[in-house]
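Residue-level structural notes
What follows is the residue order along each chain.
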Amino acid sequence: MMKTLFPGAAVFATAMLVLSGCAQGPSLTAIASPTTAATISPGDSERALTVDGMERSYFLHVPSDLAADQPVPLVLIFHGFSGTGESMAITTGFDDLADTYGFLVVYPNGMGPVGATSWNAGGCCGYAESNNLDEAAFVRKIISDLQTGARIDPKRIYATGFSNGAFLTYRLGCEMSDVLAAVAPVAGVLLNNPCQPQHPVSVLHIHGMTDLSVPYAGSTTPAASGVFESVQQSIATWVHLDGCPSAPDLEQNGLTTHATYAPCKSGTTVELYTLQGIGHTWPPNAILPASQIIWNFFVAHPKA
């Protein structure tokens, strides 16, 4: 149901940890039909859902001139630990991209006490993990909710997220490969093992070399932010899963190294942007226009 208008500009609380979501649900054909008439009103709103008896919510941005006569892409964006969907909209600037390129953008809200909201990443973190929340069921319910009033293209549903939200993004890639065409985790690694997607999924990973919360080289001893595998291990897993070449094409541009593993199964690609001198943050545009790069990647990788 529609709940309240999206309140303008809330103070952005920087998210420093990581989490993610899970579980199998109905198939893509059950939740994504491009024949629905577009009736969702343009603008910003907060919508509420009930999942497993618990009220969940998400922020939705609908461009003013969104095409009503054809299926449109959907991008889901997940905040970091302690964040909100609203703060993630401010951080990423994805509303402007949605207005420019014509797609729906959704910012789901994690669960937990104020200042400690989280996602269930599987083995990590906070309220959501402790209560074993079914995050994939939540995401599938979001898509079903949108399908009642928007024509979503089932071949162009994507997910990205930061930190806690990046862990979730990876997990959804593993567990919702029937729905997601591509995922783009930022400052987070693959937590769930084994990862067993039913279909190939394109992956774009962005990570700073000086990240102390989710170290690029991984961490083997418990710390405030947990124990994580390395970025390269996460990439190697998806290179294997998507059937990509083991050696990437490399491009160096200032502080950025861009590795591309292609061609892969069903036209998928695995890419990694490594940023020198960048810590645990959504990259500043002056260093890397991450949101634009992620959107360009999504456009290039619809589901086969």
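The structure we're discussing is the one just above.
In this report, the structure presented in the accompanying data block is examined. (Residues numbered from 1 in each chain as written. Predicted model: local features only at pLDDT ≥ 70, side-chain atom pairs only at ≥ 80, totals over all residues. Heavy atoms only, no water.)

1. Some points on the state of the cysteines
Per the counting criterion, the structure on display carries two disulfides. The disulfide bridge from cysteine 174 ends at cysteine 195, spanning 2.0 Å between sulfur atoms. The S-S bond linking cysteine 174 to cysteine 195 shows a torsion near -110 degrees; that makes this disulfide left-handed. Highlighted residues: cysteine 174 in helix H6 (residues 164-175) and cysteine 195 in the loop between strand E7 (182-186) and strand E8 (202-208), separated in sequence by 21 residues. On the basis of relative accessible area, cysteine 174 is assigned to the buried category, the value being 5%. On the basis of relative accessibility, which here comes to 10%, the residue cysteine 195 falls in the buried class. The partner cysteine of cysteine 244 in its disulfide is cysteine 264, sulfur to sulfur 2.0 Å. Here the disulfide of cysteine 244 and cysteine 264 is right-handed, its torsion about the S-S bond being about 115 degrees. A residue pair is termed long-range when its members are at least 10 positions apart, and cysteine 244 in the loop between helix H7 (231-241) and strand E9 (249-253) and cysteine 264 in the loop between strand E10 (256-261) and strand E11 (270-275) qualify at 20 residues. (Disulfide = S-S within 2.5 Å. Helix = DSSP H or I, 4+ residues; strand = E, 2+ residues; numbered from the N terminus. Buried < 20%, exposed > 50% of the residue type's maximum accessible area, 1.4 Å probe, protein only.)

2. Points about the side chain of threonine 269
With respect to the helices and strands, threonine 269 occurs in the loop between E10 and E11. Overall, threonine 269 belongs to the buried group, its relative accessible area being 8%.

3. Quick notes on the pairing of strand E5 (residues 104-108)
On any regular strand, side chains alternate: one points to one face of the sheet, the next to the other face. The element E5 is largely enclosed, with a buried count of five among its five residues. Burial of E5 is two-sided: the residues Leu104, Val106 and Pro108 facing one way and the residues Val105 and Tyr107 facing the other way are all buried. Two strands pair when backbone bridges link them, and strand E3 (residues 54-62) and E5 are joined in this way by four bridges, in the antiparallel orientation. By the bridge assignment, leucine 60 is partnered in E5 with valine 106. Pairing of strand E4 (residues 72-78) with E5 involves three bridges; the strand directions are parallel. Opposite valine 75, over in E5, you have valine 105 as the bridge partner. (Pairing = 2+ DSSP bridges.)

Any link to function would need more than the numbers given here.
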